[in-house]
Amino acid sequence: MGFLPAGGDGNPRENSPFINNVEVERESYFEGKNMALFEEEMDSNPMVSSLLNKLANYTNLSQGVVEHEEDEDSRRREIKAPRMGTFIGVYLPCLQNILGVILFLRLTWIVGAAGVLESFLIVSMCCTCTMLTAISMSAIATNGVVPAGGSYYMISRSLGPEFGGAVGLCFYLGTTFAGAMYILGTIEIFLTYISPSAAIFQAETADGEAAALLNNMRVYGSCALALMAVVVFVGVKYVNKLALVFLACVVLSILAIYAGVIKTAFAPPDIPVCLLGNRTLAKRSFETCAKMQVVSNGTVTTALWRLFCNGSSLSASCDEYFIQNNVTEIQGIPGVASGVFLDNLWSTYSDKGAFVEKKGVSSVPVSEESRPSGLPYVLTDIMTYFTMLVGIYFPSVTGIMAGSNRSGDLKDAQKSIPTGTILAIVTTSFIYLSCIVLFGACIEGVVLRDKFGEALQGNLVIGMLAWPSPWVIVIGSFFSTCGAGLQSLTGAPRLLQAIARDGIIPFLQVSPSIKLQQMMLAALRRETLEGQVWGYRGP
């Protein structure tokens, strides 16, 4: 037994390899604090005595190096393992998954097609469904220990492993495809609203724009998936750090939407939308919403004239509908005091390829048999009806499982999963329902039904409403979809791991040799830990 003097108190202290290492580390911690001259310097002063103590206790094992390093790594993981509470582990992941791509890219279009009343019904149905699911999940979660596996574990332990395995595998596939949806939303925001010039494939004609966009999304989506997979592979701790940044962008974006709505009551933004008769025009190839304009005391035709006619002269042959109807300009966002809410109250479903028309505006009908292609009209790209809109919106509310999927990383899963999930559903339901009412009260119907913002020169519809800048919504929605994709890629592998651990699906089972190696390694680690407790450090 050796005796070493303590940090200045004059009392000898015993230093023995048989004493627990935790006590030695605690002593070294306080010894380092004794080097400070003043009490205020104790946190900033370097712990010289602690450094000397670590250098003195340095060991270089000649045998059992691998076992020693594995033991040290296991102890470090036990001490520094990310154990998260309700707010970080459940509430924020659920919030981030629910407030994702649908809110920023498709909610305005859903309100325009279904109207305020039916959109309210769609969101209420979906939120009620998820609330009932969360209540049932809470009843199971509070009835026993919830280890890693989350919702799958709860289903399999309550309804049986066979049923749980079938539902769990479907849920794993759903979470995986949700991650693909968020990644594609990220790429759509990037290529459509942030940097359209970054597109690799360019469309030669207007009919080829959809195919070019799909090819660009395939290339950029694969790259984004690879980057997200690297982040998830590094560890859940880094995903949580990035999630806080992404969620801050989401919160700022939502606040910018509410601020923009309040601003429209006093000073609506000047966002003109061009109409030909009652048809909405895509304002990409022209600036002046008129057939002719006066320049230097002379009347000349505009770029819009040249799009509908075969020449720039007044005697040129033009489209029949262009000749029979006038060009008018309306405000795309008239504000909450404009009374546009009554116009957006009812649904306006349409077929694929139909014109986006403003209700209540008269126009002269013409024969559409010989309508030429390539005219700058805003057309619907898909047939809309109630159940289809329910199917488009419902994936946004499936993010309620993002917290339960990470039950293995929670401090108290029995408490965190019910509380965090139900709070996230209440919060997001209020945001979605309020946004439906506010969008219907502020934005013109033809702009709501314009899915890609073609009447706004390709700008994001919800971004034009936000204050102080549309870029707040664009950047916020970009990081929101990135964060939701990371959360999906984090939860899906843990779910598949829990299914494989139960051995329900044969091709997911681990081979016996690997199982034997894992059992031997676990036994070796237990023996090493027991030896360290009693001071044994190996031969």
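The name recorded for the protein chain in an unreviewed UniProt entry is Solute carrier family 12 member 7, from Cricetulus griseus. Under the UniProt heading Catalytic activity (unreviewed entry), the entry covering the protein chain gives this text: "K(+)(in) + chloride(in) = K(+)(out) + chloride(out)".

Asks: When you look at the UniProt feature "transmembrane region" (unreviewed entry) in the protein chain in this model, what are you seeing that I'm missing?
Replies: Mapped onto this numbering, the UniProt entry annotates "transmembrane region" (unreviewed entry) at residues 84-107, 119-142, 163-184, 219-236, 243-262, 382-402, 422-448 and 460-486. Secondary structure across residues 422-448 divides into 93% helix and 0% strand, with the first and last C-alpha atoms of the span separated by 31 Å.

Asks: Mind showing me how you'd approach the packing of helix 4 (residues 86-98) against helix 9 (residues 236-266) here?
Replies: Where helix 4 contacts helix 9, the axes come no closer than 10 Å and their chain directions differ by 45 degrees. The angle between helix 4 and helix 9 falls in the class oblique. Two packed elements cross with a definite hand, and for helix 4 against helix 9 that hand is left-handed. For the pair helix 4 and helix 9, contact is made by I88, L92, L95 and Q96 and by A243, L244, F246 and L247, respectively. Residue composition of the contact of helix 4 with helix 9, by class: seven nonpolar, one polar and no charged.

Asks: How do you make sense of the sheet that holds strand 3 (residues 272-276) when you look at a structure like this?
Replies: Pairing between the strands of a sheet is mediated by backbone hydrogen bonds and can be parallel or antiparallel. With antiparallel pairing, the three strands of this open sheet are ordered in space as 4-3-7. The outermost strands of the open sheet, each flanked by one partner alone, are strand 4 (279-280) and strand 7 (327-331). As defined by bridge partners, strand 3 adjoins strand 4 across two bridges and the pair is classed as antiparallel. Considered in strand 4, the bridge of L276 is made with R279.

Asks: What am I meant to see in the packing of aromatic side chains here?
Replies: Scanning all chains against the criterion turns up ten aromatic pairs. A connected cluster of aromatic rings, assembled from ring pairs, spans F190, Y220, F246, F478 and F479. Its end group placed over the ring of Y321, R279 keeps NZ or CZ at 3.6 Å from the ring centre. Just above the ring of W109 sits the side chain of K451; from NZ or CZ to the centre is 4.1 Å.

How each quantity is defined
- Residues numbered from 1 in each chain as written.
- Predicted model: local features only at pLDDT ≥ 70, side-chain atom pairs only at ≥ 80, totals over all residues.
- Heavy atoms only, no water.
- UniProt positions renumbered as here; feature names shortened; annotations may be inferred.
- Helix = DSSP H or I, 4+ residues; strand = E, 2+ residues; numbered from the N terminus.
- Axes fitted to C-alpha atoms, helices over the stretch in contact; angles between N-to-C directions.
- Parallel < 35°, antiparallel > 145°, perpendicular 65-115°, else oblique.
- Left-handed = near helix turned anticlockwise from the far one by under 90°.
- Contact = heavy atoms within 4.5 Å.
- Nonpolar A, V, L, I, M, F, W, Y, C, P; charged D, E, K, R; others polar.
- Pairing = 2+ DSSP bridges.
- Phe/Tyr/Trp six-rings, centres within 6.5 Å; stacked < 30°, edge-to-face > 60°.
- Lys NZ or Arg CZ within 6 Å of the ring centre and 35° of its normal.

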